Amino acid sequence: MTAGGQYVDRFAVRRARHASGTEESGRLMARLAALDRIATPARDRLPDADLALIHDLLGHAETRLGTAGRHTVVALAGATGGGKSSLFNVLTGLRLADTGARRPTTRTTLACAWDPEGAAPLLDLLGIEPVRRVARHGSLDARRGGGMPSGLVLLDLPDHDSLDLAHRAEVDAVVAVADHIVWVLDPQKYADAIVHDRYLRPLRHHGHSMTVVLNHADRLPAGDLAACLTDVRALLAAEGLAGVRVLATSPETGLGIAELRRVVVAASGSGEAAVTRLAADLDALTERLDPHFAGVVPGGDAFTAEDRRALVDGLCDAAGVGVVAAAAGAGLRTPRGPLSGRRVRRPAVRPEPVQAHRAEQAIRQAGTRLTQGLPAHWAGGVHRVLAEGLRGLPDELDAMPAGAVPEAAAPTVAARAAVGAQWVGVVAVPAGLVGAGSAWTGVPVVRFFGVPGPWWVVLAGLVVGMVGVWLGRRVTGSAVERRTAEVAAALRARVADAADRLVVGPAETELARYREAHAYFVAAREPMRRG
């Protein structure tokens, strides 16, 4: 990644350089680039140990592919007395390594390079001291070397079972990076737990980068040799290495030497041994990472409409939206009527603080639905961002009523008509009673259907006034319902906005981060098509 966050493909140049090469090399470059891109979204989500392995493999691959790319490192590894040095001498055509029964015979790694100048950067990378390097060149070396490819670097490693821990550390370092490893086993201890438990079993992905040799085969009768080879193959198959080539050799009699030479030539002559080894390293690493990416991959809309509605409902309940809205409706100002009580508008306030435990419960339930089937580390990331959102929600919800409640609408025409009808009743009834009293004193009044007119006025006032009261109550009830619903909708919108900013958005970002990392992991996990 650059400082600005833009990804830079460090394998792009090598991928272009290998475009004319084999399909395997091109696929390896693409897989390495995909692995490289996992590191950014997976930061702080995968265990530090696994992230370190990703960075180590990428760094090694970049260095190895850029160092003596035409050269191949073939290492002879084995226990004390197995005959590594004897095979090394036979393959090089020179007596370079000391042989014998002393423990250990090979004290430090000895290297023979058929192109010493070109292989120098690779030997420097392996940490081989210049005094331990032997060059093969000239007509004499070509004849003695048996036609080995010029890109071959053959190593004779110290004994992996040496009592000197420095020797074992040196073996471990080379075995971890060598392009092809020839494991030299002794017929009397080919089932030794050290080589199987420490090296062969952990390298079960590297069958195409290894050859197993049962050396000193001439010391066994023919029937015993066949049984030993069968047993070795069975042990390897049990360790996941059924496809590893197994040879019987003898430097003294020449048994199997020609076949072993062909194996070394094939490994170094194709120029693809480094690619095969790195691909196996990548296979082993992606297998280790697989539990972090196994499970459900959420879609683009991780928060469904139903999930979001359930979350907002829970937060509204925690914020007391219904109580605040009801209080706002109850405090609605209506026109003052003479026959109805006076209603005084009160501000919409929260009767009690936000109930944080209910908000936490709503968010926890949302997190449970979101992370169902998600790998543990990524589910933990989702729960962490939800917890961060929860910390900011109570203060935001507490402050909502002050700015979220809209102004009440002006009284409607029906409300004003109800008040007017009440005033008509208030005026008409006393006026009619006064007129009726005057009629008792002998003042002439108009009669309708034999009833004095003032009594009709009283009756009309009573009817109109009661209708005004009834209409006023209906209008006021409808207004309160509308006001309550209006305030509830406004507060709910603010709750939904806060939920989107503090909960839904961060959670969906985290899930998008997982989808991105998962897509790159699938690309990095694609196995190579090996013959």
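Anyway, here's the lowdown on the structure attached to this text.

What counts and what doesn't
- Throughout this description, residue numbers start from 1 for each chain and increase along the sequence as written.
- Two thresholds apply to this predicted model, a pLDDT of at least 70 for residue-level local features and 80 or more for giving and counting side-chain atom pairs, whereas whole-chain, interface and lining totals are computed over all residues.
- Calculation of side-chain values draws on the structure's entire complement of heavy atoms; hydrogens and water are dropped beforehand.
- Where helices and strands are cited, they refer to DSSP runs of H or I of at least four residues and of E of at least two residues respectively, numbered from the N terminus.
- Burial classes: relative accessible area under 20% of the type maximum marks a residue as buried, over 50% as exposed, and values in between as partly exposed (1.4 Å probe, protein chains only).
- Whether two residues are in contact is decided by their heavy atoms: any pair within 4.5 Å suffices.
- Expected helix span is given by 1.5 Å per residue-to-residue step, counting one fewer step than there are residues.
- Note that the arc is defined by the directions from the helix axis to the C-beta atoms.
- Counted as salt bridges are all cases of a side-chain nitrogen of Lys or Arg within 4 Å of a carboxyl oxygen of Asp or Glu.
- Each axis is a line fitted through C-alpha atoms, and for a helix only the stretch in contact is used; angles between axes span 0 to 180 degrees, taken between their N-to-C directions.
- Between 65 and 115 degrees an angle is taken as roughly perpendicular, under 35 as roughly parallel, over 145 as roughly antiparallel, and anywhere else as oblique.
- Amino acid classes used here: Ala, Val, Leu, Ile, Met, Phe, Trp, Tyr, Cys and Pro are nonpolar; Asp, Glu, Lys and Arg are charged; the rest, including Gly, are polar.
- Geometry of aromatic contacts follows a simple scheme: Phe, Tyr and Trp rings, the Trp one being its six-membered ring, pair when their centres are within 6.5 Å, and the pair is stacked under 30 degrees between planes, edge-to-face over 60, tilted otherwise.
- Whether two strands pair comes down to DSSP finding at least two bridges between them.
- Helix crossings are classified by the rotation of the near helix relative to the far one: an anticlockwise turn of less than a right angle makes the crossing left-handed, while a clockwise turn makes it right-handed.

Attention now goes to the overall build of the chain. Per the secondary structure count, the chain includes 18 helices and nine strands. Taking all 531 residues of the chain together, 46% fall into the buried category. Contacts in the chain between residues far apart in sequence, at least 24 positions, make up 78% of those at least 6 positions apart.

Taking 1.5 Å as the rise per residue, helix H14 (residues 356-370) with 15 residues should run 21 Å; its terminal C-alpha atoms sit 21 Å apart, in good agreement. When H14 is considered as a whole, its buried residues turn out to be Ala359, Ala362, Ile363, Ala366, Gly367 and Leu370. For H14, the arc enclosing every buried residue in end-on projection is 135°, short of the 170-degree limit, so these residues lie on one face. With respect to the buried face of H14, the exposed residues turned more than 90 degrees away are His357 and Arg364.

Counted by the stated rule, this structure contains 20 salt bridges. Of the charged contacts in the structure, one is a salt bridge between Asp281 and Arg277, with a shortest N-O distance of 3.0 Å. Within this pair, Asp281 and its partner Arg277 are both found in helix H11 (residues 273-289), separated by four residues, close to a single helical turn. Comparing Asp281 with Arg277, the two get one shared label, buried. The salt bridge involving Arg308 is made with Asp500; its shortest N-O contact spans 2.7 Å. Of this pair, Arg308 sits in helix H12 (residues 305-319) while Asp500 sits in helix H18 (residues 453-525), placing them 192 residues apart in sequence. For Asp500, a relative accessible area of 28% gives the class partly exposed. One continuous salt-bridge network, built from bridges that share partners, spans Arg45, Glu510 and Arg513.

Packing of helix H3 (residues 48-66) against H11 leaves a shortest axis separation of 11 Å and a crossing angle of 170°. Between H3 and H11, the crossing angle belongs to the class labelled roughly antiparallel. In this structure, H3 uses Ala49, Asp50, Leu53, Ile54, Leu57, His60, Ala61, Arg64 and Leu65 to contact H11, whose residues at the interface are Ala274, Leu278, Asp281, Leu282, Leu285, Arg288 and Leu289. Classifying every residue of the contact of H3 with H11 by side-chain character gives 11 nonpolar, one polar and four charged.

Here the structure, examined in full by the defined rule, presents five aromatic pairs. Taken together, a centroid distance of 6.1 Å and an interplanar angle of 50° make the contact between Phe293 and Trp378 tilted. Highlighted residues: Phe293 in the loop between H11 and H12 and Trp378 in helix H15 (residues 376-398), separated in sequence by 85 residues. For the pair Phe293 and Trp378, a shared accessibility class is recorded, and that class is buried. Between the aromatic rings of Phe293 and Phe521, the centroid separation amounts to 4.5 Å while the plane-to-plane angle is 10°, which identifies the pairing as stacked. Highlighted residues: Phe293 in the loop between H11 and H12 and Phe521 in helix H18, separated in sequence by 228 residues. Neither residue differs from the other here; Phe293 and Phe521 are each classed as buried. Within the aromatic cluster, the residues linked to one another by ring pairs are Phe293, Trp378, Tyr514 and Phe521.

Attention shifts here to the sheet that holds strand S4 (residues 152-156). In a beta sheet, neighbouring strands are held together by backbone hydrogen bonds and run either parallel or antiparallel to one another. Strand order in the open sheet formed by seven strands is S3-S2-S4-S1-S5-S6-S7, and the pairing between neighbours is mixed. Two strands lie at the open edges of the sheet, namely strand S3 (133-135) and strand S7 (245-248), each paired on one side alone. Here the average twist between neighbouring strands, direction ignored, is 20°. The pairing of strand S2 (residues 110-113) with S4 spans four bridges and is antiparallel. Each residue of the ladder has a partner; that of Ala113, found in S4, is Val153. On top of the sheet, helix H10 (residues 257-269) reaches strand S1 (72-78), S4, strand S5 (180-185), strand S6 (210-214) and S7; it is set at about 145° to S7, its chief contact.

Contact geometry of helix H2 (residues 23-42) with H11 gives a least axis separation of 10 Å together with a crossing angle of 35°. In this structure, the crossing between H2 and H11 has a hand that is left-handed. Each of Glu24, Ser25, Leu28, Arg31, Leu32 and Leu35 in H2 lies in contact with H11, whose residues at this interface are Val275, Leu278, Ala279, Leu282, Asp283, Leu285, Thr286 and Leu289. Residues that form the contact of H2 with H11 fall into these classes: nine nonpolar, two polar and three charged.

In this fold, His216 is placed in the loop between S6 and helix H9 (222-238). The exposure class assigned to His216 is buried, which follows from its relative accessible area of 4%.

Time to look at helix H4 (residues 84-92). When you tally the buried positions in H4, you get eight out of nine residues, the bulk of the element. Turning to H4, its buried residues number three or more, namely Lys84, Ser85, Ser86, Leu87, Phe88, Asn89, Leu91 and Thr92. After H4 finishes, the residue Gly93 shows a positive phi value of roughly 80°.

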